[in-house]
Each structure stands twice: as structure tokens, then as C-alpha cells.
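# Working through the structure, step by step
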Amino acid sequence: MDIIGNLMVGFAAAATAQNLFFCLAGCLLGTLIGVLPGIGPVATIAMLLPATYGLAPLTSLIMLAGIYYGAQYGGSTTAIMVNMPGETSSVVTCLDGYQMARQGRAGAALTIAALGSFFAGCVGTLTLAAFAPILAAFSEKFTSVEYFSLMVLGLLSAVVMAQGSLLKAIAMIFAGLLFGLCGTDVNSGTARYTFGVSELFDGIGFLPLVMGLFGINEVMRNVEKPRQREALTSPIRNLWLTRDDFRSAWPAVLRGTGLGSLLGILPGGGVVLASFASYTIEKKIARDPSRFGRGAIEGVAGPESANNAAAQTSFIPLLTLGLPSNVVMALMMGAMIIQGIAPGAAVMDKRPDLFWGMVASMWIGNLMLVVINLPLIGIWVRLLKVPYRLLFPCIVVFSLIGIYTVNNSTTDVVLTALFALFGFLLVKFGLEPAPLVLGFILGPLMEENLRRSMVLSRGDPMIFVSRPLSLTLLVLAAAVVLLIVLPQFRKTRETAFQE
């Protein structure tokens, strides 16, 4: 009964005219950037963070969340029609979705992607509503000691799930931690790592860092390597599923939804891992695995359901523990901090309208995606003809205007340019920027909780192993480290990412 009452509070908060408008705007914008290859949700959210500065906290979070799960849906359209994923989690959808389109079954592929996404999104949101209060109640047992251990576990898990070299991912984590330490020490009042630049006394701004590393950097990468796009021009005649299509697809939707709901909660998991894992499972258990890659509808239904379920449940650790499970959640956490909200269990107690309004808006947003996007498929495909040379200059100009207007600071613009160049060099050397952002977000929080813990123990580090919950988290972190150093695990991990 408590959940029902809380959801009523949430729907009352989310169903205002302003919130519905920005939910619709977020869903449409998310679908658009999912459709346009080369502009992912990370870059878009990074670029739009300044625009949310003047909005109410709930309104801004509703719009950013709509962009996130709207991009999961939009990425499937180009994966099916153009054989080019608009979003990373839609890579595996290309394998069978495009083949279905070539066989004249684009309508069936688009419909099962939409319906599977809607079902998985609803189940993921229900999971969020059901389990978030339980986890929030459990988190009340956390002190600074447990929070520090939890953040150590989260960062190590992010290293395991990051693509590419483990050593490079660890290096990016430490780089993020160092960037987070820049500024004035709260305890001593001493400036550190500022190199005498007075504008850095308050630390490196979150907006210049993420907009440079993801927004402007994404433009630079796509300008350097323009992509050739060739959409299927044959009209989509039938969006209905046949009985055989439905019989083959619904078990895959159920399995993908369950798998995505679980992996979205795990630190370092997320939508990309969920979609790849779902496709692998569907292929392993299929009676005829040779059908996959040739137009198997299960190869669309499973991954699309998994990535949308994971997109919803990835909010659980952020809203209950204040721990971002992936880089998009790190951006959402940054948006909450900008709005003066401390992510964690206190949000449910002190701002129930904010928490449950977010949950309710996800149901509304998923319904909007199905209602508005199936009729607009033709328009989305036509948008693929927009030349990059016209699109990207507009993105850069609006991004720099947005970053300047937040604080009216040219220093922020310069920092954005420097981080864009830095991010471009990172990609050139095969380094992934996402772990850096997680380290940057969690670094100051880890330092704060570490100092509080040492004050409580009067300088005795054994406090981290003398408390059962903290010890359990550190044991799990040690297990993650053991996985990292095992040669067999490294080989399996590399094979999984190649597949």
C-alpha cells in the first residue's frame, strides 16, 4: 500500500503541464540523437546540462531521463534501417534487425523493438519502484566507513566492465580521482593542484569536463571520420507481427527484460553489457543458432528489451546509495548536485515528490515513446540525410554558448576546449574517458568519507575491516581485483567484448 500511495504522489508531481512537456521533449530529443549516428546520450546529456540549470530539479531530471531511455529506443531505428547503430547498446540489433529489413520485414523488426522496449521499460520501472525503498532502508545502516568501501567496490567494478585494456581503465580512474582533488582543501583551506590559477580554487567544473570529454570530443571524432549512410528506401508496409513472430519473440523479451533489470543495478553494468549478454544467451539456447545474423527476430527482441530494462534499473543505485553505475548515471548525479540535491537514501525521505516523480515519469515516458515513435519512423529515417557538416557546427556553437551562460565565465569555455582536446588524445591512444568521469564524481566523496572514517577511528585504518558490512564490501572488491589479475578472466573478457 505504501508503494501505491507513493506512486500516486509521484504521478501527481510528474503529471503537471510543465513536466509532461519536458518529458515529451526529452523522449523526442533522445529518440533523435539515438537515430543520428555519432551523437550518443552521453554527449547529448553533457551538452544539455547547462540548459537544465534554470529548471526545477524534478523537471530537469525528467527531461534528462527521457533523453537517456529515448536514445535506447531511437538507436534501434538506424540499426534496423541503416545497419548503423545510433547508440552503442544497439550494435547487436544491427546483426538481425538489418537483415530483417532487407527481407522486407522492417516493420516487424521496428514493432518488436518498440513493444519489447515498452514492456521492458515498464518492468524496469516497476523494479525500481519495488526494490529502491528496500535498498534505501538498507543503506541507512551505512556510515562513512561503509560508503567508502562501497565506492571502492563501484570503481573497481567499473574497471572490469570497461572496454579495452584493464590497465588503461585503471589509469583513467586515477586520472579522474586526481582531477576531482583540484581546488581548495575543505579542512585546511589550502589550494592544491591549482597551479596558481584563481579560477580553479573552487575546483574543476563538472560541466566543462563532461562537455569537453564527450560533447565537443564526439564532434571532433565524427568530423575526422565521416560515415557513409545508406538507408533502405522501400516503404514500410506492415507494422503488425505475425503469430510466428510473436511466438518466437515473447520468450526473448521476457529473458532480456529479466537480464537487463539485473545488470542495470550492478556497478559498472548498464545497457551495453545487457544487450550483448542478451544476444549471446538467445544465440546459445536457440534450437538453430545459424538463424542468428540472418534475420532472427529473437536477435532484435532480446537485446532491445535488455537495454531498456537496464536503462531504468540503473537509476536504483544512484537514487538509493548515491553511487552511479555508469557514465550516464554519473552525469545524472552531476545534474542533481548542480540542483543542490545530494543523491542517496535521503532523497526518498526528504524529497519523496522528486524520487517518486522520477519513477512515475518513466512510465509516462515509455508510453510516449511507443505512441509517438511508430508513426514517426519515416521522419526519423529522412533525418539521416542531414549532412554532418551542417549538424556539427550548430552543436559546437550551442554547447559553448550554454557552458558560458552558466557562470558567464570564459574560463569554463577554455576548460571545455582543453578537455575536448584531452579527450580526443585519449581516444587516439585507446583510452576510454568514461571511467575518468566516474573517478571525478566519486573522488571528492571518497576523500570526504575516508577522512570522516579516520576521524572516527582516531587514525586507525582497521575500522574498515572491523565493521562487518564494510568488510563484506572490501572482500567483494578484493574478489574483483582477483578477477582482474587472473589471465583466464582477461582472455574471457577480451573474447566477450570482441563478440
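Now for a look at the structure at hand. (Residues numbered from 1 in each chain as written. Predicted model: local features only at pLDDT ≥ 70, side-chain atom pairs only at ≥ 80, totals over all residues. Heavy atoms only, no water.)

### Re the overall build of the chain
The test is simple: A run of DSSP states H or I qualifies as a helix once it reaches four residues; a run of E qualifies as a strand once it reaches two. Both are numbered from the N-terminal end. Each residue is placed in one exposure class: buried if its accessible area under a 1.4 Å probe, protein chains only, is under 20% of its type's maximum, exposed if it is over 50%, and partly exposed if it falls in between. In this analysis, two residues are considered to be in contact whenever any of their non-hydrogen atoms come within 4.5 Å of each other. Using a 1.4 Å probe, the Shrake-Rupley method yields the accessible areas, and only the shown protein chains count as cover for residues.
Regarding its fold elements, the chain presents 23 helices and two strands. The buried share of the chain, taken over its 499 residues, is 55%. Sequence separation of at least 24 residues holds for 79% of the intrachain contacts in the chain that already meet a minimum separation of 6. With the model as given, the accessible surface of the chain reaches about 21,700 Å², and the carbon-plus-sulfur share is 67%.

### Examining the nonpolar core
The nonpolar side chains of a soluble globular protein tend to be buried, and buried together. Going by this rule: Note on terminology: a nonpolar core comprises buried Ala, Val, Leu, Ile, Met, Phe, Trp, Tyr and Cys residues joined through side-chain atoms within 4.5 Å.
Counting 110 residues, the largest nonpolar core has Phe206, Leu209, Val210, Phe315, Met332 and Val437 as its most contacted members. It is helix α16 (residues 352-373) that provides the largest number of residues to this core, a total of eleven residues. Ala101, Ile112, Ala249 and Val300 belong to the second-largest nonpolar core, a separate cluster that totals 17 residues.

### Notes on the side chain of Asn307
Rules: For this analysis, a polar contact is any N or O atom pair within 3.5 Å, provided that within protein one partner can donate a hydrogen and the other can accept it, and provided that sequence-adjacent residues contribute only side-chain to side-chain pairs.
Mapped onto the fold, Asn307 is located in helix α12 (residues 298-313). Within the structure, the side chain of Asn307 is placed 2.7 Å from the side chain of Asn308, a separation counted as a polar contact.

### Quick look at the side chain of Ser60
Tracing the sequence through the fold places Ser60 in helix α4 (residues 57-81). Residues contacting Ser60, with those up to four places away along its chain left out, are Thr52, Leu55 and Gln339.

### Things to note about the packing of aromatic side chains
We count it as follows: Only rings of Phe, Tyr and Trp enter the pairing, Trp through its six-membered ring, and a pair is recorded when the two centres are within 6.5 Å. The plane angle decides the type: under 30 degrees is stacked, over 60 is edge-to-face, the rest tilted.
In total, this model carries eight aromatic pairs according to the counting rule given. Ring plane angle 15° and centroid distance 6.3 Å describe the contact between Phe11 and Trp363, whose orientation is recorded as stacked. On the criterion of sequence distance, the pair formed by Phe11 in helix α1 (residues 2-14) and Trp363 in helix α16 is long-range, its members being 352 residues apart.

### Quick look at helix α10 (residues 243-265)
Since the α-helix advances by 3.6 residues per turn, residues separated by three or four positions end up pointing in the same direction. Threshold: The span expected for a helix works out to 1.5 Å for each residue beyond the first.
Its 23 residues give α10 an end-to-end C-alpha distance of 34 Å, which sits within 8% of 33 Å, the value for a rise of 1.5 Å per residue. Of the positions making up α10, those classed as buried are Asp245, Ala249, Ala252, Val253, Gly256, Thr257, Leu259, Gly260, Ser261, Leu263 and Gly264.

### Here we look at the environment of Glu224
Counting through the fold element by element, Glu224 comes out in helix α9 (residues 206-224). Residue classification places Glu224 among the partly exposed residues on the basis of a relative accessible area of 39%. Apart from the residues within four sequence positions on either side, Glu224 is in contact with Phe424 and Lys428.

### Remarks on the environment of Phe195
Mapped onto the secondary structure, Phe195 falls in the loop between β2 (191-192) and α9. Residue classification places Phe195 among the exposed residues on the basis of a relative accessible area of 77%. Sequence separation between Phe195 and Cys182 is 13 residues; the distance between their C-alpha atoms is 9.6 Å.

### Let's talk about the pattern of salt bridges
Defined as follows: Here, a salt bridge means any side-chain nitrogen of Lys or Arg that lies within 4 Å of a carboxyl oxygen of Asp or Glu.
Taken as a whole and assessed by the stated rule, the structure comprises eight salt bridges. Between Glu146 and Arg467 there is a salt bridge, with its nearest N and O atoms 2.8 Å apart. Of this pair, Glu146 sits in helix α7 (residues 144-161) while Arg467 sits in the loop between α21 (463-466) and α22 (468-485), and the two are 321 residues apart along the sequence. Exposure remark for Arg467: the relative accessible area of 31% places this residue in the partly exposed category. Through salt bridges with shared partners, a single ionic network connects Arg192, Glu447 and Arg451.

### A look at unusual backbone geometry
Despite not being glycine, Tyr193 shows a phi value in the positive range, around 55°. Structurally, Tyr193 can be placed in the loop between β2 and α9. By relative accessible area, Tyr193 is classed as partly exposed at 48%. In the Ramachandran plot, Arg458 falls in the positive-phi region, its phi being about 60° despite a non-glycine side chain. With respect to the secondary-structure elements, Arg458 resides in the loop between α20 (434-456) and α21.

### What about helix α19 (residues 410-428)?
For α19, which comprises 19 residues, the first-to-last C-alpha distance of 27 Å matches the rise-based estimate of 27 Å (1.5 Å per residue) to within 8%. Residues of α19 that are buried include every one of Asp412, Leu415, Thr416, Phe419, Ala420, Gly423, Phe424 and Leu426, and no others. Remark: Gly430 follows α19 within two positions and exhibits a positive phi of approximately 75°.

### Description of the packing of helix α2 (residues 17-35) against α16
Where we set the bar: Under this scheme, a helix contributes an axis fitted over its contacting stretch, all axes are lines through C-alpha atoms, and angles between N-to-C directions fall in the 0 to 180 degree range. Every angle not falling under 35 degrees, over 145, or within 65 to 115 is termed oblique; those three ranges are roughly parallel, roughly antiparallel and roughly perpendicular. By convention the crossing between two helices is left-handed if the near helix lies anticlockwise of the far one by an angle smaller than a right angle, and right-handed if it lies clockwise. Three classes are used: nonpolar for Ala, Val, Leu, Ile, Met, Phe, Trp, Tyr, Cys and Pro, charged for Asp, Glu, Lys and Arg, and polar for all others, with Gly counted as polar.
Remark: α2 packs on α16, axes separated minimally by 10 Å, with the N-to-C direction vectors making an angle of 55°. Of the possible angle classes, the one that applies to α2 and α16 is oblique. Once α2 is placed against α16, the crossing between them reads as right-handed. Across the interface between the two elements, Leu20, Cys23, Leu24, Cys27, Leu28 and Thr31 from α2 touch Ser361, Ile364, Gly365, Met368, Leu369, Ile372 and Asn373 from α16. Considering only residue class, the contact of α2 with α16 consists of nine nonpolar, four polar and no charged.

### Concerning a nonpolar patch on the surface
As a reminder of what qualifies: Like-charged residues within 9 Å of one another, or nonpolar side chains (Val, Leu, Ile, Met, Phe, Trp, Tyr) within 5 Å, are grouped into patches, provided each residue has over 30% relative accessible area and no salt bridge.
A cluster of nonpolar side chains, namely Phe119, Phe246, Trp250 and Leu254, defines an oily patch on the protein surface of about 410 Å² accessible area. If you tally residues by element for the nonpolar patch, the top one is α10, at three residues. With respect to the helices and strands, Leu254 occurs in helix α10.

### Section: the environment of Phe148
Following the sequence through the fold, Phe148 ends up in helix α7. On the basis of relative accessibility, which here comes to 16%, the residue Phe148 falls in the buried class. Each C-alpha atom, one on Phe148 and one on Glu448, is 8.7 Å from the other, the two residues being 300 residues apart in sequence. Residues within four places of Phe148 in sequence aside, it is in contact with Met446, Asn449, Leu450 and Phe464.

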